[in-house]
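The primary structure of each chain is shown beneath.
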Amino acid sequence: MRLRLLKATVALSLVGSSWFISSWLLGPARTGVPFAALRPGDRVVAAGRGGEPAAAAAAAGPGPGRGNGTLPPCPAEPPHLVGPLRVEFDWKRTMEDVRSESGRGLRTGGQYEPHDCVSEHKVAIVIPFRNRHEHLKHWLFYLHPILKRQQISYGIYVINQHGDGAFNRAKLLNVGFVEALKEFGYGCFVFSDVDLVPLNDRNLYRCYGEPRHLAVAMDKFGFDLPYKNYFGGVVSFSKDHYMKINGFSNSFWGWGAEDDDMLARINFRKMAVSRPDLQTGRYKMIRHGRDVHNEPNPHNPDKLHQTQWTMEKDGINTLTYTVKKVAKDPLYTFITVDIQSPR
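**Q** Where do I start with the sheet that holds strand 9 (residues 217-218) in this structure?
**A** In a beta sheet, neighbouring strands are held together by backbone hydrogen bonds and run either parallel or antiparallel to one another. Strand order across the open sheet formed by three strands is 7-11-9, with mixed pairing between neighbours. Lying at the two open borders of the sheet, with one neighbouring strand each, are strand 7 (196-198) and strand 9.

**Q** I'm lost on the environment of V323 in this one. Help?
**A** Take V323: it is sitting in strand 12 (residues 320-328). Residue classification places V323 among the partly exposed positions, given a relative accessible area of 24%. For the pair V323 and Q161, spaced 162 residues apart in sequence, the C-alpha to C-alpha distance is 9.9 Å.

**Q** Explain the state of the cysteines to me, please; I cannot follow it from the model alone.
**A** Here is the idea: a disulfide is a covalent bond, and it sits between the sulfur atoms of two cysteines. According to the stated counting rule, one finds two disulfides in the structure shown. C74 shares a disulfide with C117; S-S distance 2.0 Å. Between C74 and C117, the disulfide has an S-S torsion of 85° and is therefore right-handed. Residue C74 is located in the loop between helix 1 (54-60) and helix 2 (95-102), and its partner C117 is located in the loop between strand 3 (111-112) and strand 4 (122-129); the two are separated by 43 residues in the primary sequence. Of the two residues, C74 and C117, neither departs from the other in class, the shared state being buried. What pairs with C188 in a disulfide is C207, and their sulfur atoms sit 2.1 Å apart. Taking the torsion about the sulfur-sulfur bond, which here is approximately 85°, the covalent link between C188 and C207 counts as right-handed. Taken together, the residues C188 in strand 6 (residues 188-192) and C207 in the loop between strand 7 and strand 8 (212-213) connect sequence positions 19 residues apart.

**Q** Any chance you could explain the packing of helix 2 against helix 3 (residues 133-149) here in plain terms?
**A** Relative orientation and spacing of two packed helices are given, respectively, by the angle between their axes and the distance between those axes. In the contact formed by helix 2 and helix 3, the axes pass within 9 Å of each other and the chain directions differ by 5°. Between helix 2 and helix 3, the angle is such that the two are roughly parallel. Contact residues: helix 2 offers M95, V98, E101 and S102, while helix 3 offers K137, L140, F141, H144, P145 and K148.

**Q** Is there a simple way to explain helix 2 in this structure?
**A** Each α-helix turn comprises 3.6 residues. Residues three or four places apart therefore point the same way. Of the positions making up helix 2, those classed as buried are M95, V98 and S102. Around the axis of helix 2, the buried residues are gathered within 55° of arc, so they sit on the same side. Among the structural elements, helix 3 are those in contact with the buried residues of helix 2.

**Q** In this structure, what is going on with unusual backbone geometry? I would like to understand it.
**A** Where the residue is not glycine, phi is negative for most of them; where a peptide bond is considered, it is trans in most cases. The backbone of N131 shows a phi angle near 55°, a positive value even though the residue is not glycine. Among the secondary structure elements, N131 is positioned in the loop between strand 4 and helix 3. When its relative accessible area of 66% is taken as the criterion, N131 is described as exposed. If you check the backbone angles, F223 has positive phi at about 55° while not being a glycine. Checked against the element boundaries, F223 lands in the loop between strand 9 and strand 10 (234-238).

Definitions and cut-offs
Residues numbered from 1 in each chain as written. Predicted model: local features only at pLDDT ≥ 70, side-chain atom pairs only at ≥ 80, totals over all residues. Heavy atoms only, no water. Pairing = 2+ DSSP bridges. Helix = DSSP H or I, 4+ residues; strand = E, 2+ residues; numbered from the N terminus. Buried < 20%, exposed > 50% of the residue type's maximum accessible area, 1.4 Å probe, protein only. Disulfide = S-S within 2.5 Å. Axes fitted to C-alpha atoms, helices over the stretch in contact; angles between N-to-C directions. Parallel < 35°, antiparallel > 145°, perpendicular 65-115°, else oblique. Contact = heavy atoms within 4.5 Å. Arc of directions from axis to C-beta.

Taken by themselves, the reported measurements are silent on function.
Put into structure tokens, the structure is as follows:
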């Protein structure tokens, strides 16, 4: 059966000081087809911060994945992996220590590409963030060496929520998806909480033929899934898969249920989820108390009953936010954004 691909363009438009995502269809008159219905192969253009397409922005400045053309492809199985890791959180370690010990080979903004081969995996790693600088220090200390051994080309994007209103993890992840594409044409996105460090470097931070749940065995949950359909902590999506489900919902303020909504979106698009085994997918959590203004929201679980009907109009295609500041650290790109949080 012949499939007719919809040609689509996604543009970032600047209205006042706020970015918003708009989409439209070209070709035969078919209106009302959602952004999430796009298929792999459809054309997506994300504007750079100066208005240029992402491909042009990537060519104009540093970005992962552009080797010198003389290196061989990286092997399918990275040769320097060590397997299980010992992870200890040294609270005396400073960020300068981390820059010295884990920052070798990085470009400004936390970008990296292997020096001895060309990786086919161009990965943006996105962290939703607010007031977790101690956790970020530990995460960067362990993750940069792991990711280098995995021989992926990557960039680290920390999306910092401005202000002290209700936290919205899912919306920040959508922002990270859009902001990373302004810098480089990434094909893969890993969305990670800042308090989760893998205990096995064979748990590869890359994309697969379906959405991937990486954090399947946290110490917090006795190194097992807390429930069968859990999809939280650390996940990966190809760009095409993320577009197909219209990204995360933007409506989950406070703690809880946004990852369950995401799994429902995957199911409604008739995709499967892959996972590593419980040994490979082990994680250690940095212990902490409940964040202020990220209390459990009793209204969030009720929204799960509406996912099938709301996912086409709540996600990447309705995302609005304002970039307040972009800072380039040697270890990461720190983007502060106003996501119009309710008080």
